[in-house]
Amino acid sequence: LDLKKDINEADRNKLQEAIQRLAEIPQVKNLELGNFEPLNDPRALAAFELVFQMVFKNVEDYQIYQAHEIHLALKELAKELLAGPPVTYDYLKTK
């Protein structure tokens, strides 16, 4: 996530707490949240300060997550704190 440059610590914490709440959605599995760490890799997307990932059992679980009130509340909060839309990478696991 690319945070606004003038975001304060309280708002950053509020955003991180809202992301952590996604784990309360039964369909969300293995939620992980972290801060970008510059490791001298020129390919790294350094414009994004926060990164999170999660797993869904199937497409139906993902669709339930998309409409869940906790996710929708995060989207509303994020509108105020992000410099732009979030970047997502959705994929299906190959067998």
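Residues numbered from 1 in each chain as written. Predicted model: local features only at pLDDT ≥ 70, side-chain atom pairs only at ≥ 80, totals over all residues. Heavy atoms only, no water.

Colleague: Provide a residue-level description of the packing of helix 1 (residues 9–20) against helix 3 (residues 69–81), including the pertinent values.
Modeller: Interaxial distance between helix 1 and helix 3 falls to 10 Å at its minimum, and their mutual angle equals 155°. Classed by the angle they form, the pair helix 1 and helix 3 counts as roughly antiparallel. Viewed along their axes, helix 1 and helix 3 form a crossing whose handedness is left-handed. Mapping the contact onto sequence places Asp11, Lys14, Leu15, Ala18 and Ile19 in helix 1 and Leu74, Leu77, Ala78 and Leu81 in helix 3. Residues of the contact of helix 1 with helix 3, tallied by class, amount to seven nonpolar, no polar and two charged. (Axes fitted to C-alpha atoms, helices over the stretch in contact; angles between N-to-C directions. Helix = DSSP H or I, 4+ residues; strand = E, 2+ residues; numbered from the N terminus. Parallel < 35°, antiparallel > 145°, perpendicular 65-115°, else oblique. Left-handed = near helix turned anticlockwise from the far one by under 90°. Contact = heavy atoms within 4.5 Å. Nonpolar A, V, L, I, M, F, W, Y, C, P; charged D, E, K, R; others polar.)

Colleague: Tell me about the environment of glutamate 17, and name the residues and values.
Modeller: Relative to the helices and strands, glutamate 17 resides in helix 1. Residue class for glutamate 17 comes out exposed when judged on its relative accessible area of 53%. Expressed as a C-alpha distance, the spacing of glutamate 17 and leucine 74, which sit 57 residues apart in the sequence, is 9.5 Å. (Buried < 20%, exposed > 50% of the residue type's maximum accessible area, 1.4 Å probe, protein only.)

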